[in-house]
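Chain by chain, the residues run as shown.
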Amino acid sequence: MTELLQRNEIFQVLTPEEAVLLAGLLKEERLHAGDVVFRQGEKRRRLILVQSGAIRVSERTPRGEQVLVTYHAGHFLGEAALLDDTPHSTTATAALDSVLLTLERGRFQKFLEEHPQLAARVLGQVARVVFGRMKLGLAAAGGAAQYRTGAVRVEHDLLGDREVPRDVYYGVQTLRALENFDITGIPLHHFPFFIKALAMVKKAAAQANTRLGLLPEDLSTAIQQACDEIIDGQLHNQFVVDMVQGGAGTSTNMNANEVIANRALELLGEEMGCHTRLHPNDHVNLSQSTNDAYPTAIHLAMLLSVRPLVSEMEELVEALRVKAREFSRVIKMGRTQLQDAVPMTLGQEFAAWAQSVEEDIDRLKENALLFLEVNLGGTAIGTGICADPSYPREAIKALRRVSGFEFILAKDLVEASSDTGSLLIFSGILKRVAVKTSKICNDLRLLSSGPRCGFGEINLPARQPGSSIMPGKVNPVIPEVMNQVAFQVIGNDLTVTMAAEAGQLELNVMEPVIVFNLFQSMSMLERGFRTLRRFCVEGITANEERCRSLVDSSIGIVTALLPWIGYTAATTVARRALESGIPVRDIVLEMGLLSPAELEDVLQPERMVAPVRLSADRG
């Protein structure tokens, strides 16, 4: 306990004798995976030192629980409890079976009262650590940085020495990227599937290199374990570089290499940043270049990302089909060019929308198969320099095992290293999805317009007041937001198109902006479809009487009479109805074109909304 305490920066101000005294106040606590350490909103009451295992800190947001950071052996949290008992802003949970050493706030205060000479030194150090974390929290590394300490380590690269925060897992090259690329404000960890895909590619590379005798077993095991933790959702907050960056993704690749290397070093019992035994480039990036590892991870991330998008679309299809069945006997007027056309059922309209979305699902699935072809093993430009001749074959086999997808090696790795065709095609499919969905939302807004002076055929769920000045107004906010999602996706497709065209020779350096726009489009569509289904489609109701009254008063029903009275007579009826405002039914009877019984039979709902058998002798 004393050794762990003295390694902690808070207590480095203690003499060995004082550290022994304070260690006597520590309590050991054993947790099972899933046990709660503290909850958001609870008062702070203890400092926590992680002796073994892992503690995951998360924050409750409107979108659900967001993981901020994962603490491992040697890390500490809750130090602000030594200053005051303000409520925790986060929740901490055991990610693994863990052993903690805890220092209760009350016992610590009593200790300081008994040893007043220590109070100023220890409390001053606690304040410096808390301030250091807050300062880092304001930096580009993101909000999770506030949970780090203020200490630094020195790392070296081509451009010289740099100080890196001591307890972050990324390194000097990631730090330079943070400084150079403050572009979108959206870091890599905004897209978790991309982080998992990077880790899967690095794990597959480690397996392939070990099988070829190029990577020692102990280093490979540590690298793969680090990758497994990332795949499991840990350390994502350490992937901090901006999604849009120069260098064709090199900063992304190095961010992954450095995080994996430093976590692997921890697992080996080594200090982070000391790369003599295990190096980000020499070991984690062995047999790879950014130019094959990065696009392979992109393809894998696209395959992972399309699943939740398709799932949300399938849920929307089902919700639309439920409404189609519910409204199957609601007669309404169909329209073309915003003019009365012919009668139909409201159910037919909803069924058509469902079919439209279902067709897009098929297109997404078909085109996602293009991502199974990758250039892993081509290294820099597809020639395979710095990789064993057997590496591409072994790496593809390993990637299949790790990911569960049936990847294949591109026929020409030089061509594949500069080709972004599959990304371009898929972006076009996402645009198609967006355009067609936006059209559905336009229809929903039209059909629900009113409530008194519009179509008023359906009611959308009231989600929020619609005006700061007009009392009682409720707007179709959910279809509106889905329209805006569609506009963004359409714009993103143009960016992807321009970036795909902008590549030169053996590499397309614009891949980062392609990836950013594709991931953004998929993420926004996924959330948009969920929002549209939950907050709009599932709660739609029909104004059946309004629908039927519009049919009865419409001139459009004259089309249903066409097979029985002929085009010329039907035109006369339509013109008289339009000029006089007299219903079509009354004019037909007045002209003696059909008897009341015949007219009633012809204008039955079943005859107006589906084909009926005709004969040459129709009256």
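Keep in mind that what you see is a predicted model, and the values were worked out from it rather than measured.

Student: Describe the overall build of the protein, with residues and values.
Tutor: The number of helices and strands found in the protein is 22 helices and 16 strands. The C-alpha atoms of the protein give a radius of gyration of 33 Å, which is well past the 25 Å a tight globule of 619 residues would have. Based on the C-alpha atoms only, the size of the protein along its principal axes is roughly 115 × 65 × 40 Å. Taking all contacts inside the protein whose residues are at least 6 apart in sequence as the whole, residues at least 24 apart take part in 72%. Of the roughly 28,100 Å² of accessible surface on the protein, 53% is carried by carbon and sulfur atoms. When the 63 positive and 75 negative side-chain charges of the protein are each reduced to one mean point, those points stand 4 Å apart.

Student: So, the sheet that holds strand β3 (residues 46-52): which residues are in play, and what are the values?
Tutor: The strand order across the open sheet built from four strands is β1-β8-β3-β6, with neighbouring strands paired in antiparallel fashion. Of all the strands in the sheet, just β1 (27-31) and β6 (76-77) have a single pairing partner and so form its edges. As paired strands, β1 and strand β8 (residues 98-104) are joined by five bridges and run antiparallel to one another. Residue pairing for β8: Glu 28 is matched across the bridge by Leu 101. Each of β1, β3 and β8 is contacted by helix α3 (residues 105-114), which is oriented at about 45° to β8, the strand it contacts most.

Student: Which residues make up the packing of helix α6 (residues 192-211) against helix α12 (residues 391-403), and what are the values?
Tutor: Two numbers describe how α6 lies on α12: the axes approach to 8 Å, and their chain directions differ by 130°. Comparing their axes, α12 and α6 come out oblique. Judged by the twist between their axes, the crossing of α6 over α12 is right-handed. For the pair α6 and α12, contact is made by Met 200, Val 201, Lys 203, Ala 204, Ala 205, Gln 207, Ala 208, Asn 209 and Arg 211 and by Tyr 391, Glu 394, Ala 395, Ala 398, Leu 399, Arg 401, Val 402 and Ser 403, respectively. When the residues that make up the contact of α6 with α12 are grouped by side-chain class, the tally is 10 nonpolar, three polar and four charged.

Student: Can you break down the packing of aromatic side chains residue by residue, with the values?
Tutor: The relative placement of two aromatic rings is captured by the distance of their centres and the angle of their planes. Here the structure, examined in full by the defined rule, presents seven aromatic pairs. Summarising the aromatic geometry, the rings of Phe 405 and Phe 407 are spaced 6.2 Å apart at their centres and angled 70° between planes, so their arrangement reads as edge-to-face. In textbook terms, an aromatic cluster arises when at least three aromatic residues are bridged by ring pairs, as seen for Phe 191, Phe 194, Tyr 294 and Phe 519.

Student: Lay out the pattern of salt bridges with the relevant residues and their values.
Tutor: If the charged atoms of two oppositely charged side chains come close together, the side chains can form a pair. Summed over the entire model, instances satisfying the criterion amount to 34 salt bridges. When the shortest N-O distance is used, the salt bridge between Arg 45 and Glu 104 registers 3.6 Å. Remark: Glu 104 occurs in strand β8 and Arg 45 occurs in the loop between β2 (36-38) and β3; sequence separation between them is 59 residues. With a relative accessible area of 45%, Arg 45 lands in the partly exposed category. The partner of Arg 321 in a salt bridge is Glu 358, with the nearest N and O atoms 2.9 Å apart. On the criterion of sequence distance, the pair formed by Arg 321 in helix α10 (residues 290-326) and Glu 358 in helix α11 (residues 346-368) is long-range, its members being 37 residues apart. Overall, the relative accessible area of 31% leaves Glu 358 in the partly exposed class. By sharing partners, the salt bridges in this structure join Glu 312, Glu 526, Arg 530, Arg 533 and Glu 538 into a single network.

Student: Explain the pairing of strand β12 (residues 339-345) to me, and be specific about the residues and the numbers.
Tutor: When a strand is regular, its side chains alternate between the sheet's two faces. Pairing geometry for strand β11 (residues 331-336) and β12, over five bridges, is antiparallel. Across the sheet, residue Arg 335 finds its bridge partner in β12, namely Asp 340. Hairpin remark: β11 followed by β12, antiparallel, with two residues in the connecting loop; positive phi at Gln 337, about 55°.

Student: Account for a nonpolar patch on the surface, naming residues and giving values.
Tutor: On the surface, a cluster of nonpolar side chains totalling about 260 Å² of accessible area is made up of Val 435, Phe 487 and Ile 490. Inspection of the secondary structure assignment puts Ile 490 in helix α15 (residues 477-501).

Student: Hey, could you go over the side chain of Asp 242 for me, with residue numbers and the actual values?
Tutor: The residue Asp 242 is located in the loop between α7 (217-231) and α8 (250-267) in this model. Reaching out from Asp 242, the side chain makes a polar contact with the backbone nitrogen of Val 244 at a distance of 2.9 Å. Every residue in contact with Asp 242, bar those within four places of it in the chain, is listed here: Phe 181, Asp 182, Ile 183, Thr 184, Gly 185, Ile 186 and Pro 187.

Student: Requested: an account of the confidence of the model for the protein, with residues and values cited.
Tutor: Across the protein, pLDDT averages 88, with 92% of residues at or above 70. Across residues 135-149 the pLDDT falls below 50, and counting only partners more than four positions away or on other chains, this stretch makes 35 contacts in the model.

Student: Outline the nonpolar core, listing residues and values.
Tutor: Counting 120 residues, the largest nonpolar core has Phe 194 and Leu 525 as the members making the most contacts within it. Element by element, the count of residues in this core is highest for α10, at 18 residues. Setting aside anything within four residues of it in sequence, one finds Leu 525 in contact with Leu 309, Leu 430, Val 433, Ala 434, Met 482, Val 485 and Val 489. Counting residues in hydrophobic clusters, the runner-up holds 22 residues, among them Ala 570, Ala 577, Ile 587 and Val 602.

Student: Which residues make up the packing of α15 against helix α16 (residues 511-535), and what values do they have?
Tutor: Their axes nearest at 9 Å, the elements α15 and α16 cross at an angle of 165°. What the angle tells us is that α15 and α16 run roughly antiparallel. Between α15 and α16 lies a crossing whose hand is left-handed. Considered class by class, the residues forming the contact of α15 with α16 number 15 nonpolar, eight polar and no charged.

Student: Quick one: what's the story with a negative patch on the surface, residue by residue and with numbers?
Tutor: Residues Glu 373, Asp 412, Glu 415 and Asp 419 make up a contiguous surface patch of negative charge. Residue placement: Glu 373 occurs in strand β13 (residues 373-374).

Student: So what's going on with the environment of Ile 565? Residues and values would help.
Tutor: Within the secondary structure, Ile 565 is located in helix α18 (residues 558-565). Using a relative accessible area of 14% as the deciding quantity, one classes Ile 565 as buried. Measuring from C-alpha to C-alpha, the distance between Ile 565 and Ser 220 comes to 83 Å, with 345 residues separating the pair along the chain. Here Ile 565 is in contact with Ala 570, Val 573, Leu 593 and Leu 594, once residues within four sequence places are set aside.

Student: Mind laying out the environment of Val 474, listing which residues take part and the relevant values?
Tutor: Counting through the fold element by element, Val 474 comes out in the loop between β15 (458-459) and α15. Take Val 474: its relative accessible area is 45%, and that puts it in the partly exposed class. Separated by 377 residues in the primary sequence, Val 474 and Asp 97 have C-alpha atoms spaced 51 Å apart. Each residue touching Val 474, except ones within four places of it in the same chain, is listed here: Ala 462, Gln 464 and Gly 466.

What counts and how
Residues numbered from 1 in each chain as written. Predicted model: local features only at pLDDT ≥ 70, side-chain atom pairs only at ≥ 80, totals over all residues. Heavy atoms only, no water. Helix = DSSP H or I, 4+ residues; strand = E, 2+ residues; numbered from the N terminus. Rg over C-alpha atoms; globule rule 2.2 N^0.38 Å. Contact = heavy atoms within 4.5 Å. Areas by Shrake-Rupley, 256 points an atom, 1.4 Å probe, with all protein chains shown as cover. Lys, Arg positive; Asp, Glu negative; His and termini not counted. Charge placed at Lys NZ, Arg CZ, Asp CG, Glu CD. Pairing = 2+ DSSP bridges. Axes fitted to C-alpha atoms, helices over the stretch in contact; angles between N-to-C directions. Parallel < 35°, antiparallel > 145°, perpendicular 65-115°, else oblique. Left-handed = near helix turned anticlockwise from the far one by under 90°. Nonpolar A, V, L, I, M, F, W, Y, C, P; charged D, E, K, R; others polar. Phe/Tyr/Trp six-rings, centres within 6.5 Å; stacked < 30°, edge-to-face > 60°. Salt bridge = Lys/Arg side-chain N within 4 Å of Asp/Glu carboxyl O. Buried < 20%, exposed > 50% of the residue type's maximum accessible area, 1.4 Å probe, protein only. Patch = residues over 30% accessible without salt bridge, like charges linked within 9 Å, V, L, I, M, F, W, Y side chains within 5 Å. Polar contact = N/O pair within 3.5 Å; in protein donor to acceptor, adjacent residues only side chain to side chain. pLDDT = per-residue confidence, 0-100. Core = buried A, V, L, I, M, F, W, Y, C linked by side-chain atoms within 4.5 Å.

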